[in-house]
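What the coordinates show
The chain contents come next:
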Amino acid sequence: MKIFTAQQIYQADKFTIEHQQISSDQLMERAAIQLFEWMHSRLQGAEVIIQLFCGIGNNGGDGIALARLLKEAGYTIQVHVVNYSETRSKDFLLNLERLKDRKIWPDFINDDSSLPEISPNDIIVDAIFGIGLNREPSDWVGKLIQHINQSQAFVLSVDIPSGLPASQVPSTTDHVIRASYVLSIQLPKLVFFLPETGVYLNQWELLDIGLNTGFLGPEQVAFHFVTLPEVQSMYRPRLKFSHKGTYGHSVIVGGSYGKIGAVQMAADACLRAGSGLVTAYIPECGYESIQTALPEAMVLTDEEDNFLTSIDIPFDPSAIGIGIGMGTGEKVVKAFESFLKKTDQPLVIDADGLNILSKKPELFKYVPKASILTPHPKELQRMIGDWKDDFDKLEKAKALATKYGIVLVLKGVHTITLYNGLGYINSTGNPGMATAGSGDVLTGILTGLIAQGYDSLQAAIFGVYLHGLAGDVTASIESYDAVKATGIISNIGKAYLELFKRPEVEGGNTA
Ligand SMILES: NC(=O)C1=CN([C@@H]2O[C@H](COP(=O)(O)OP(=O)(O)OC[C@H]3O[C@@H](n4cnc5c(N)ncnc54)[C@H](OP(=O)(O)O)[C@@H]3O)[C@@H](O)[C@H]2O)[C@@H](O)CC1
Ligand SMILES: Nc1ncnc2c1ncn2[C@@H]1O[C@H](COP(=O)(O)OP(=O)(O)O)[C@@H](O)[C@H]1O
Ligand SMILES: [K+]
């Protein structure tokens, strides 16, 4: 799913109005009907007070039109117009008139007004600012936003939390609505997914208002939101007349004394992702534990007991994942360096592989093109230095990925894969995955997918999704709190099944 900028959304708006021969007011009415139906289907006429805070632009217009529909359905509403400018939009004014025609009189909040009382049991509709926000809200609007945030009431934001710019970090953090739920008009916004801006919303959902796909379809975007249909189309089915050689021989290189488990988990995840054969390449000290715990894997050991001193794989692997639990001691660095210099097949590089690259950035030029690098935020910071904000981080990371022709997987709540100037934002995963070893599992999955013939970008997008889904399946069985990396591994199979599960038909069977 494409993520459009505010400018593109305005263009889609215009294109739809022209091509469907409707008025902008009709488009606003579609939005209001969708908003109303969402609320009505949940509230079912409940006797709750709904306070609508509406700006004077089209976001406010959506709110005012919604107020009318709510009132007509018998809800108790209070409408507040947040009067932050003299320039009111045409469709706002039109809807305000319609409201007045029905004898509904909003109160107008100005810079010297006292703030309305809000009970924690009220429902707030936040339609103050939408994607038209282009500067900081003035102080009194900021105070109103703070007042709403402190109310403990359920806050439903229309399109985007008010005060949150569509493609920028807000400068005053407490002048942004903290939305319990955002009903976003048809298209998700980039700020929903970044750590610094995603914190302003708890949950979000899209409301389809029938924007014309004739415009949206061909339009280029910098970021995609990766959802099930995209991932399904990448899946490479197992062939009937196949054998283990068909699915590749992966090698997981890493480990050191006390950190052999990382390699074991990656090797296990690699097998679960479907790699035909898996070899673990580790220091001697891990031999027995891996052979015992993971009988499906083969093991090659370094001469040294406790860490790697040379990496010589005596065959041509289909894929190599390297760096986990490896350490960054002098001899390990040497072994990694000479391995990089003699390897030209794309690698999956994680953990200490990344830390070594950060220490010796001159090695980047030896990283094979199309390798996947999977930094968590700290590893990324070691690689690209400090960033001003999340947008700056994305630019710097994109520049690094483009410079070396690598696939950069920025791990996080919404993991973002960057390649060739474009970004792919993942939609699966949960806080239970913030647990030791879950990154090692990802390395194993990515390596296993490359071994099976997925290209690096597809392996990254598909693998990150599958990893998150396996985490979601695990959490659904065991709670967020009890998710362990080995649990994620054992649910990779269920995640594969989940990819193609047919939706259940209400009240019937899906035979
Ligand atoms: N296709 C779609 O998606 C559809 C979208 N729809 C809805 O339209 C919404 C966008 O509406 P919008 O363009 O009128 O902008 P909105 O956010 O209401 O702001 C209003 C004006 O406020 C101003 N302003 C900005 N910052 C300010 C500040 N800090 N303090 C004071 N003033 C400030 C600025 O005007 P300026 O003062 O710069 O002239 C701005 O124009 C969108 O989010 C969605 O809800 C639907 O109706 C149907 C179709
Ligand atoms: N709150 C979260 N929501 C979703 N995914 C998360 C969350 N926290 C961590 N993850 C995922 O878990 C993995 C953690 O990786 P990493 O930090 O390298 O762990 P480790 O070093 O312990 O293996 C990443 O894939 C990350 O995207
Ligand atoms: K809003």
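Residues numbered from 1 in each chain as written. Chains lettered and ligands numbered in written order. Predicted model: local features only at pLDDT ≥ 70, side-chain atom pairs only at ≥ 80, totals over all residues.

Digging into the nonpolar core
Residues Leu52, Ile252, Val263, Ala266 and Ile445 are the most contacted members of the largest nonpolar core, which totals 153 residues. If one sorts the elements of this core by residue count, helix H16 (residues 456-478) sits on top with 11 residues. Here this core spans two domains, and each of domain 1 (2-218) and domain 2 (242-499) adds at least three residues to it. Once residues within four sequence positions are removed from consideration, Ile445 is found in contact with Ala269, Cys270, Ala273, Gly463, Leu466, His467 and Ile492. (Core = buried A, V, L, I, M, F, W, Y, C linked by C-beta atoms within 7 Å. Buried ≥ 20, exposed ≤ 12 C-beta atoms within 10 Å, placed from the backbone. Helix = DSSP H or I, 4+ residues; strand = E, 2+ residues; numbered from the N terminus. Domains from an automatic or database assignment. Contact = placed C-beta atoms within 7 Å.)

Focus on the domain arrangement of the chain
Entries for the chain in the domain assignment read domain 1 (2-218) and domain 2 (242-499). Placing the centre of domain 1 and that of domain 2 at their C-alpha centroids yields a distance of 42 Å. Listed by partner, the interface residues are eight residues for domain 1 and seven residues for domain 2. Grouping the constituent residues of the side of domain 1 that touches domain 2 by class yields four nonpolar, three polar and one charged. (Nonpolar A, V, L, I, M, F, W, Y, C, P; charged D, E, K, R; others polar.)

Examining the sheet that holds strand S4 (residues 107-109)
The strand order across the open sheet formed by seven strands is S4-S3-S2-S5-S6-S7-S8, and the pairing between neighbours is parallel. The open sheet terminates on both sides in strands that have one partner only, identified here as S4 and strand S8 (201-207). Averaged over all pairs of adjacent strands, the angle between strand axes in this sheet comes to 25 degrees, irrespective of strand direction. In terms of strand pairing, strand S2 (residues 49-54) meets strand S3 (residues 76-82) through six bridges, oriented parallel. The residue of S3 that forms the bridge with Phe53 is His80. Its contacts with the sheet put helix H3 (residues 58-72) on S2, S3, strand S5 (123-127) and strand S6 (154-158), and the angle it makes with S2 is roughly 155 degrees. (Pairing = 2+ DSSP bridges. Axes fitted to C-alpha atoms, helices over the stretch in contact; angles between N-to-C directions.)

Notes on the sheet that holds strand S9 (residues 223-226)
Strands sit in the order S1-S9-S18-S17-S16-S15-S14-S13-S10-S11-S12 across an open sheet of 11 strands; the sheet is mixed. Of all strands in the sheet, those bounded by a partner on one side alone are strand S1 (2-3) and strand S12 (298-301).

A word on H16
Since the α-helix packs 3.6 residues into each turn, any two residues three or four apart lie on the same face. Taking 1.5 Å per residue as the helical rise, H16 with its 23 residues ought to reach 33 Å, and the 32 Å between its terminal C-alpha atoms agrees with that figure. With 18 of 23 residues buried, H16 lies mostly within the body of the structure. (Expected span 1.5 Å × (residues − 1).)

A few points about the UniProt feature "binding site: K(+)" (unreviewed entry) in the chain
With numbering matched to this structure, UniProt assigns "binding site: K(+)" (unreviewed entry) to Asn59, Asp126 and Ser162. Judged by maximum C-alpha separation, these annotated positions cover 104 residues in sequence but sit close together in space, the widest gap being only 9.3 Å. Positionally, Asn59 belongs in helix H3. Look at Asn59 and you get buried, because 28 C-beta atoms sit within 10 Å. Residue contacts for Asn59: discarding those within four places in its chain leaves Ala127, Ile128, Phe129, Gly130, Gly132, Val158 and Asp159. Here Asp126 falls in the buried class, since 32 other C-beta atoms lie within 10 Å of it. When near neighbours in sequence (up to four residues on either side) are disregarded, Asp126 contacts Phe53, Ile148, Val155, Leu156, Ser157, Val158, Pro161, Ser162, Ile177 and Ala179. (UniProt positions renumbered as here; feature names shortened; annotations may be inferred.)

Brief notes about the packing of helix H15 (residues 438-451) against H16
Close contact between H15 and H16 brings their axes to 9 Å; oriented N to C, the two are set at 135 degrees. By the criterion of interaxial angle, the relationship of H15 to H16 is oblique. Helix-helix and strand crossings are classified by hand; for H15 and H16 the assignment is right-handed. Residues Ser438, Val441, Leu442, Ile445, Leu446, Leu449 and Ile450 of H15 touch H16, and the partners they reach there are Ser456, Ala459, Ala460, Phe462, Gly463, Val464, Leu466, His467 and Gly471. Considering only residue class, the contact of H15 with H16 consists of 11 nonpolar, five polar and no charged. (Parallel < 35°, antiparallel > 145°, perpendicular 65-115°, else oblique. Left-handed = near helix turned anticlockwise from the far one by under 90°.)

A few points about the confidence of the model for the chain
In the predicted model, the chain carries a mean pLDDT of 96, and 98% of its residues have values of at least 70. Interface scoring of the predicted complex returns ipTM 0.94; its pTM is 0.95. (pLDDT = per-residue confidence, 0-100.)

Points about the site of ligand 2
Within the structure, ligand 2 sits among 16 residues, and His376, Gly429, Met433, Ala434 and Gly439 are positioned closest to it. A class-by-class count of the residues in the shell around ligand 2 yields six nonpolar, eight polar and two charged. (Near = placed C-beta within 6 Å.)

Some points on the pairing of strand S10 (residues 249-254)
Within S10, five of the six residues are buried, which leaves it mostly tucked inside the rest of the structure. Bridge analysis of S10 against strand S11 (residues 277-282) gives five bridges, and the strand direction is parallel. Within the sheet, the bridge partner assigned to Val253 lies in S11 and is Tyr281. For the handedness criterion, the β-α-β arrangement of S10, helix H9 (residues 260-273) and S11 is classed as right-handed. Where S10 and strand S13 (residues 319-324) come together, five bridges link them in parallel fashion. Residue Gly254 lies in a different strand from S13, and its bridge partner there is Ile324. (Right-handed = clockwise from strand over helix to strand, strands pointing away.)

Brief notes about unusual backbone geometry
Phi is positive for Gln44, close to 50 degrees, though the residue is something other than glycine. Note that Gln44 resides in the loop between helix H2 (24-43) and S2. Of note, Ala351 is a non-glycine position whose phi angle comes to about 45 degrees, a positive value. Among the secondary structure elements, Ala351 is positioned in the loop between strand S14 (347-349) and helix H12 (352-359).

Quick word on the environment of Gly329
In this fold, Gly329 is placed in the loop between S13 and helix H11 (330-342). Looking at Gly329, the number of C-beta atoms within 10 Å reads 15, which means it is partly exposed. On a C-alpha basis, the gap between Gly329 and Ala280 in space is 20 Å, while along the polypeptide they are 49 residues apart.

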